[in-house]
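# Fold and geometry: a report
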Amino acid sequence: MFNEGGFTLRTLIKAENLTKTYRGRTVVKNGSLHIREGETIALMGPNGAGKTTMIGMLLRLIHPDSGVVQHWTQNFKAETGVQLQSTPFFEGHSVEENIRLFAAFYNVKSKELDINSLLEVYGLREEKKSPAIKLSLGQQKRLAIAVTTLHNPKLIILDEPSAGLDPRGQKDIQQHIVEMKERGDTVFFSSHDMLEVSKVADRVMIMNDGEIAVTGTPQSLINEHGVSDVDELYSLITEQG
Ligand SMILES: Nc1ncnc2c1ncn2[C@@H]1O[C@H](COP(=O)(O)OP(=O)(O)OP(=O)(O)O)[C@@H](O)[C@H]1O
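Residues numbered from 1 in each chain as written. Predicted model: local features only at pLDDT ≥ 70, side-chain atom pairs only at ≥ 80, totals over all residues. Heavy atoms only, no water.

As annotated in an unreviewed UniProt entry, the protein chain carries the name ABC transporter ATP-binding protein and is attributed to Salicibibacter cibi.

In structure tokens, the structure reads:
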């Protein structure tokens, strides 16, 4: 439990001094962060800043060279929804079958699964019988995000959910994150989309060259650094390198 301003917020993930080196190059340096229940956190940073490596270590998919990650429960994987940069859908299976396969993986019972509602929410009703791997990039991203929610997870982690999408596709993803937030879900996502971050994030972290350079609410960081928006803040932090 973590006490802040009189409210007791539960910490879901606490990472301390995470470091990862690949072939002599340190790509994450002493990364410390916490994710508290109900927060929507955006992880930003240039290509190669170490965001995906950091997410991998938070999920215990990548073993840090040093540092510690603590989760709110031993069984955190069963209670976490994860969209990685490429979600491997099952080849030769329709959207519906893929959802059923992911649901089985998460131990969600068939009778608890409302596929039609899920497809409706994620704008995939027409694609129900289409092969998942033939969907457009935007549709695949929406399907990947839809399956992160199947088991009603406590924490949702999205690695660049809107990367490579057109403005309409980016807006759709923003809306899905807003809906997760309104449901009270905890969401940790990486992004290069300033508008998305400004609109949905309660807290922003900017990584630069393997380090978490700043963390705070968008407004507090804007005030502290004397800039006018998240875009300017990002440029200031990442150009300081
Ligand atoms: N398994 C690996 N072996 C060697 N180098 C790696 C490995 N994984 C990542 N790297 C390197 O670590 C650095 C950080 O990569 P990472 O994918 O964490 O960055 P990122 O901030 O997520 O970038 P992007 O925004 O492009 O996705 C990069 O230089 C990358 O090439």
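So, about the site of the ligand. Of all residues adjacent to the ligand, which total 15 residues, the nearest are Arg-25, Gly-48, Lys-51, Thr-52 and Thr-53. In this structure, an oxygen atom belonging to the ligand sits 2.8 Å away from a main-chain N or O atom of Gly-48. At 3.2 Å from an oxygen atom of the ligand is found a side-chain nitrogen or oxygen belonging to His-192. Protein contact buries 66% of the 640 Å² of open area that the ligand shows by itself. Within the residue set of the shell around the ligand, elements represented by two or more residues are strand 4 (25-36) and helix 1 (51-58). The leading source of residues in the shell around the ligand is helix 1, at three residues. (Near = heavy atom within 4 Å. Polar contact = N/O pair within 3.5 Å; in protein donor to acceptor, adjacent residues only side chain to side chain. Areas by Shrake-Rupley, 256 points an atom, 1.4 Å probe, with all protein chains shown as cover. Helix = DSSP H or I, 4+ residues; strand = E, 2+ residues; numbered from the N terminus.)

To continue, consider the packing of aromatic side chains. Applying the stated criterion to the full structure yields three aromatic pairs. Pairwise contacts between aromatic rings join Phe-89, Phe-90 and Phe-102 into one cluster. (Phe/Tyr/Trp six-rings, centres within 6.5 Å; stacked < 30°, edge-to-face > 60°.)

Quick look at helix 2 (residues 95-105) now. The set of residues buried in helix 2 consists of Val-95, Glu-96, Asn-98, Ile-99, Phe-102 and Ala-103. One side of helix 2 carries all its buried residues, which in axial view fall inside an arc of 160°. Looking at the buried side of helix 2, the elements it contacts are helix 3 (115-121) and helix 4 (137-148). Asn-107, located one to two residues past helix 2, shows a positive phi value of around 60°. (Buried < 20%, exposed > 50% of the residue type's maximum accessible area, 1.4 Å probe, protein only. Arc of directions from axis to C-beta. Contact = heavy atoms within 4.5 Å.)

What follows deals with unusual backbone geometry. Even without a glycine there, the phi angle at Arg-60 is positive, about 60°. Inspection of the secondary structure puts Arg-60 in the loop between helix 1 and strand 6 (66-71). What makes Arg-60 partly exposed here is its relative accessible area of 47%. Located in the positive-phi region is Asn-107, a residue other than glycine, with phi close to 60°. Within the fold, Asn-107 resides in the loop between helix 2 and helix 3.

This paragraph deals with the sheet that holds strand 3 (residues 11-22). Pairing in this open sheet of three strands is antiparallel, and the strands run 4-3-6 from one edge to the other. On the outer flanks of this sheet lie strand 4 and strand 6, each paired with one strand and no other. For this sheet the average axis-to-axis angle between neighbouring strands, irrespective of direction, equals 15°. When strand 3 meets strand 6, the two strands line up antiparallel, connected through five bridges. Across the sheet, residue Thr-19 finds its bridge partner in strand 6, namely Ser-66. (Pairing = 2+ DSSP bridges. Axes fitted to C-alpha atoms, helices over the stretch in contact; angles between N-to-C directions.)

To continue, consider the packing of helix 4 against helix 5 (residues 167-182). Direction vectors running N to C along helix 4 and helix 5 enclose 10°, while the axes themselves pass 11 Å from each other. Comparing their axes, helix 5 and helix 4 come out roughly parallel. Of the residues in helix 5, those in contact with Lys-141, Arg-142, Ile-145 and Thr-148 of helix 4 are Asp-172, Ile-173, His-176 and Met-180. Class assignment for the residues of the contact of helix 4 with helix 5 results in three nonpolar, two polar and three charged. (Parallel < 35°, antiparallel > 145°, perpendicular 65-115°, else oblique. Nonpolar A, V, L, I, M, F, W, Y, C, P; charged D, E, K, R; others polar.)

Before going further, it helps to examine the pairing of strand 9 (residues 186-190). One face of the sheet, then the other: side chains in a regular strand alternate in exactly this way. Burial within strand 9 is extensive, with five of its five residues counted as buried. Bridge count between strand 5 (residues 40-44) and strand 9: four bridges; the pairing is parallel. Looking at strand 9, one finds that Ile-41 is bridged to Phe-188. Following the backbone out of strand 8 (residues 155-159), through helix 5 and into the adjacent parallel strand 9, one traces a crossover that is right-handed. (Right-handed = clockwise from strand over helix to strand, strands pointing away.)

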